[in-house]
Amino acid sequence: MSNEQETRSGRSLDWPMVVLGLVTLIDQVDQNIIRGIEKHLQVEFGLSDFALGVLLSSFIFVNGVVTVPAGYLADRLNRTRTIGNTIIGWSGLTVLTAAMPNFGSMLAVRSTLGFGQAITEPATASLLGDYYEVERRGRAFSVQLVCMIAGIGLGIALGGAIAETIGWRWAYLIVGPLGLLVAFAAYRLKEPSRGHADRVSAGIETEPEEEQESQALFEEGIGRFLVNMLVGLKNDLRVIFSIPTMRYALAGVLGLMFTMNAVGSWLPQYYERQFGLSWLQATSALGAIVMFGGVPAIIMGGIIADRYATRIRGARMAIPGYCLLAGSILLTTSYVFDQFVLAYVFAFAGFTSVCLAGPALRAGLSDAVPHNLRGAGFGAFNLMAMTLGAASAPLVVSLLSEAYDHNLRTAFLIVTPPVMLSGLLLLRARNHLDRDMGKIFEAILTAVQEQQEQDAAPESVHR
């Protein structure tokens, strides 16, 4: 392929990056509005810290439970259409949230929204693995993570600002309809053939292929479909957990997401109680950390992930490991200070260091899992990250806060060390990544060779 053709191809492939990033952006805005309005919900519904923790965790718990079967389906369904349909559904639920009259109804709708990201996350990650070759995956996942971080910051900041000016219900009414635009863009994406980018990286394929229409899942009835899904999930997860890189990485992700969601859910409350900031100031401070620390760090993390992918042994696990170790130390130090400026500077630096790890970690997970199992692989990633990690975090912090007389500083000091353990586990994963990637490319080459032999056999018989 000529340089001109390569440039043209590279430019055309940037559009899926952007659209799938917007899917993540609008999802995170929807998710994190509640963090900007939690103070108002506590006042209106009379919620304790524990009740608020339940509300914050319900979405994440449902997300984690649903995400593994959703990943299984992502490996078998048209992914772009699935994403578009899901966004339309969650946009309607977001608008409906504005009408909730009490804690129980709010909890019900909030929990139902957990289906959204549970379905789109495995499908999006699988698509990125098929759109972009190994050499570009760091950048592709950095775009997605930038949108994730931007969505978190926007959700918190918009929720806080709108709640303070015209009321928290308006936040859901304003944001909900925006998802329809993203859904339309997702419908317009072409569905790539599974494993296309891996074959390009192996030098086997050059031109993009569009995947053929999938076979209907319910042709043999819903009962047979459910049985097949359970058997298929069991087999898929057995293969995924047999990959050494995945075992260490998934355990590392659990600790990382536990601590980050614990701190992210309660940091505005901490700034308000510990340093006397107003609620708008506290939510804006967290939004600034996310936007001005997290976003540049993720962009740089994607560049580093691609630049050093082949220069450092197990780079896409080693880089996140060292970043998480540094981030854990900086975050822990930030809770020691009684002056807001010093606490904020160290928290900013710690969050930035943790965000540097994101693109390399996600690209490494994509590299380590065969293309036909990436949906299930990222479903397992979400299961560990969401259900076992992030979902329990707000509850644990709320219980610790109440146990220590609403002292969030003590709670943060207890829940932060798992980030350091995550870093150490990822450094163990680096020892296996290159070998696991090699097995995937060896399997691709073997499959191509077998196919060529099958194609040649009828010709030999004819002669």
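Provided above is the structure to which this section pertains.
An account of the accompanying structure is given in this report. As the structure is a computational prediction, the values presented were derived from the model and not from experiment.

A few words now on the overall build of the chain. A count of helical and extended segments in the chain gives 20 helices and 0 strands. When burial is assessed residue by residue, the chain has 55% of its 463 residues classed as buried. Put simply, of all contacts in the chain between residues at least 6 apart along the chain, 83% involve residues at least 24 apart. Looking at the chain as shown, the accessible area adds up to about 19,200 Å², and 64% of this sits on carbon and sulfur atoms.

Moving on, we come to a nonpolar patch on the surface. Residues Val95, Ile166, Trp170, Leu173 and Ile174 make up a contiguous nonpolar surface patch of about 430 Å² in total accessible area. Among the structural elements, Ile174 can be located in helix 8 (residues 168-175).

Another point: the packing of aromatic side chains. Going through the model one piece at a time under the given rule, you end up with 15 aromatic pairs. An angle of 45° between the planes, with centres 5.2 Å apart, marks the rings of Tyr335 and Phe412 as tilted. Pair noted here: Tyr335 is in the loop between helix 14 (315-334) and helix 15 (340-356) and Phe412 is in helix 19 (residues 408-415), with a separation of 77 residues, a long-range link. The burial state of Tyr335 is the same as that of Phe412; both residues are buried. Residues Tyr344 and Phe348 carry aromatic rings whose centres are separated by 6.4 Å and whose planes lie at 50° to one another, so their mutual orientation is tilted. With Tyr344 and Phe348 both in helix 15 and 4 residues apart, this pair spans about one turn of that helix. Of the residues examined, Tyr344 reaches a relative accessible area of 17% and is grouped as buried. Among the aromatic side chains, those forming a connected cluster through ring pairs are Tyr270, Tyr271, Phe275, Tyr335, Phe340, Tyr344, Phe348 and Phe412. The ring of Tyr308 carries Arg311 above its face, with NZ or CZ at 5.6 Å from the centroid.

Let's shift gears to the packing of helix 13 (residues 279-307) against helix 15. Interaxial distance between helix 13 and helix 15 falls to 8 Å at its minimum, and their mutual angle equals 35°. Crossing handedness for the pair helix 13 and helix 15: right-handed. On helix 15, the residues that touch Ala285, Ala288, Ile289, Val290, Phe292, Gly293, Gly294, Ala297, Ile298, Met300 and Gly301 of helix 13 are Phe340, Tyr344, Ala347, Phe348, Phe351, Thr352, Cys355 and Leu356. Taken together, the residues that form the contact of helix 13 with helix 15 break down as 15 nonpolar, 4 polar and no charged.

Taking relative accessible area as the criterion, Phe412 reaches 0% and is therefore assigned buried. Separated by 81 residues in sequence, Phe412 and Leu331 have C-alpha atoms that sit 9.2 Å apart. Excluding residues within four positions of it along the chain, Phe412 makes contact with Ala262, Val263, Trp266, Leu267, Tyr270, Tyr335 and Val397.

All right, on to the nonpolar core then. Counting 119 residues, the largest nonpolar core has Leu41 and Tyr271 as the members making the most contacts within it. With 14 residues, the top contributor of residues to this core is helix 12 (residues 244-275). The contacts of Tyr271, once residues within four sequence positions are left out, are Gly276, Leu277, Ala282, Ala285, Ile289, Phe340, Tyr344 and Ala347. Core analysis: the next-biggest nonpolar cluster, separate from the first, contains 5 residues, Tyr72, Phe225, Met229 and Leu233 among them.

Tallying each qualifying case throughout the model produces 13 salt bridges. Between Arg194 and Glu191 there is a salt bridge; the shortest N-O distance is 3.8 Å. Its relative accessible area of 13% is what places Arg194 among the buried residues. Across the pair Asp306 and Arg316 runs a salt bridge whose closest N-O atoms are separated by 2.8 Å.

Rules of the game
Residues numbered from 1 in each chain as written. Predicted model: local features only at pLDDT ≥ 70, side-chain atom pairs only at ≥ 80, totals over all residues. Heavy atoms only, no water. Helix = DSSP H or I, 4+ residues; strand = E, 2+ residues; numbered from the N terminus. Buried < 20%, exposed > 50% of the residue type's maximum accessible area, 1.4 Å probe, protein only. Contact = heavy atoms within 4.5 Å. Areas by Shrake-Rupley, 256 points an atom, 1.4 Å probe, with all protein chains shown as cover. Patch = residues over 30% accessible without salt bridge, like charges linked within 9 Å, V, L, I, M, F, W, Y side chains within 5 Å. Salt bridge = Lys/Arg side-chain N within 4 Å of Asp/Glu carboxyl O. Phe/Tyr/Trp six-rings, centres within 6.5 Å; stacked < 30°, edge-to-face > 60°. Lys NZ or Arg CZ within 6 Å of the ring centre and 35° of its normal. Axes fitted to C-alpha atoms, helices over the stretch in contact; angles between N-to-C directions. Left-handed = near helix turned anticlockwise from the far one by under 90°. Nonpolar A, V, L, I, M, F, W, Y, C, P; charged D, E, K, R; others polar. Core = buried A, V, L, I, M, F, W, Y, C linked by side-chain atoms within 4.5 Å.

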